[in-house]
Amino acid sequence: MVSKQAFLCSLGSIYLSLLFVFLLMDVYARPANNSALKEKGMDKDENEILPRDHLNGVKMEMDGHLNKDFHQEVFLGKEMEEFDEDSEPRRNRKKLMAIFAKVDVNNDKRISAKEMQRWIMEKTEEHFQEAVKENKMHFRAVDPDGDGRVSWDEYKVKFLASKGHNEKEVAEKIKNNEELKIDEETLEVLDNLKDRWYQADNPPADQLLNEEEFLSFLHPEHSRGMLKFMVKEIVRDLDQDGDKKLVLSEFISLPVGTVENQQAQDIDDDWVKDRKKEFEEVIDANHDGVVTMEELEEYMDPMNEYNALNEAKQMIAVADENQNHHLEMEEILKYGEYFTGSKLMDYARNVHEEF
């Protein structure tokens, strides 16, 4: 006869097994943002030379996902890292109050859409300057001879070395036009990167990138020509009928390869709802039910002042409880999680003593 203790242990094991299964089901059911996962999985060397799917201050990822951190990126700029789940709530509130004072240029104790627009443009420029700074370091990593120009072959050697290949062997084989043993997935990535490389090569094309062109290669959002290329790539991945335009049904379909099966796509109602709203209310500027490459390019341009004003109005509307089309201190503190991504706990209890 089984003892009571053995029975309880057995029951506990069954419970843990079921819990693990349910957790796995949840993970595979929801279409995660692959760009974030891929970048977390990169080692330092690979991350330095491989263009990222996620671009700070841009509304859409390179893989077609909406940028879930966009509001925080254009509101906090470089200070975004200071607001995290581990931060002390009181300290975060004080930081948010300090930001409010900076946005409120005319010191009337409320933020207008114009003031918010100016702030968004400043924070976007901040992200760009950070990208320029990082690019200097990244460029040095792929320009070992320091001549200020990098060939596709030089980049290819560094890229394959970051994937675990022997750098000297790869360089020697490329030099002697010998065949490289590369798996299909890496080969596909290289083909896509090569297309982007040639797009970043400003005329007259010499297949060599200088530091500025390499910045366009890593950060296409800050080059008009590369922004067009980026939009083309996204439309190509989402466009199902080949007309080089997007209708709603195409836009709310997950990019190919994002999830394992159709069921995983069907059950993610929130994902579909977010994309439907963004398509109808923001991207489709003339509301004709079709998004052209031009509309998508305008939507993704981080330095578009009209977009910044619209974003400012939307951000204010989220927290504008008294409907005066401005943002007061109490409102921004109450909706702090929307602006910072971090919960400002005990709001009701602490707001008066903060003032």
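This structure is a prediction, so every number in the text was calculated from the model and none was measured. Numbering of residues starts from 1 in each chain and follows the order in which that chain's sequence is written. Given that this is a predicted model, residues contribute local features only at a pLDDT of at least 70 and side-chain atom pairs are listed and counted only at 80 or more, while totals for whole chains, interfaces and linings are drawn from all residues. The basis for every side-chain value is the complete set of heavy atoms in the structure, and neither hydrogens nor water enter the calculation.

**Student:** Would you explain the pattern of salt bridges in this entry?
**Tutor:** A side chain with one charge can pair with a side chain of the opposite charge if their charged atoms come near. Take a side-chain nitrogen of Lys or Arg and a carboxyl oxygen of Asp or Glu: if they are within 4 Å of each other, that pair is a salt bridge. On inspection of all chains with the given rule, the structure shows 15 salt bridges. Residue Glu 122 pairs with Arg 118 through a salt bridge whose shortest N-O separation is 2.3 Å. Of this pair, Glu 122 and Arg 118 both sit in helix H6 (residues 113-142), separated by four residues, roughly a single helical turn. For the exposure calls, accessible area comes from a 1.4 Å probe over protein chains only, and a residue counts as buried if that area is under 20% of its type's maximum, exposed if over 50%, partly exposed in between. Here Arg 118 falls in the partly exposed class, since its relative accessible area comes to 30%. Among the salt bridges present, the one from Lys 334 reaches Glu 321, with a minimum N-O distance of 3.1 Å. Secondary structure elements follow DSSP: runs of H or I no shorter than four residues count as helices, runs of E no shorter than two count as strands, and numbering proceeds from the N terminus.

**Student:** Would you take a moment to explain helix H11 (residues 224-238) for this structure?
**Tutor:** Because each turn of an α-helix spans 3.6 residues, side chains separated by three or four positions end up pointing in the same direction. A helix's residues, less one, multiplied by 1.5 Å, set its expected span. Taking 1.5 Å per residue, 15 residues should reach 21 Å; H11 reaches 21 Å between its end C-alpha atoms and fits that length. By the burial criterion, the buried members of H11 are Met 226, Leu 227, Phe 229, Met 230, Val 231, Glu 233, Ile 234, Val 235 and Leu 238. Elements that come into contact with the buried residues of H11 comprise helix H9 (184-200), helix H10 (211-218), strand E4 (246-247), helix H12 (248-251), helix H14 (269-283) and helix H15 (293-300). When checking whether two residues touch, look at their non-hydrogen atoms; a contact exists if any pair is within 4.5 Å.

**Student:** It is not clear to me how unusual backbone geometry should be interpreted in this structure. Could you clarify?
**Tutor:** Peptide bonds are, in most cases, trans, and in most cases residues other than glycine have a negative phi. Looking along the chain, the bond that leaves Pro 203 and enters Pro 204 is cis, with omega of -5°. Relative to the elements of secondary structure, Pro 204 occurs in the loop between H9 and strand E3 (208-209). Positive phi is not limited to glycine here, since His 325 has a value of about 65°. Relative to the elements of secondary structure, His 325 occurs in the loop between helix H16 (305-319) and strand E6 (327-328). For His 325, a relative accessible area of 62% corresponds to the exposed category.

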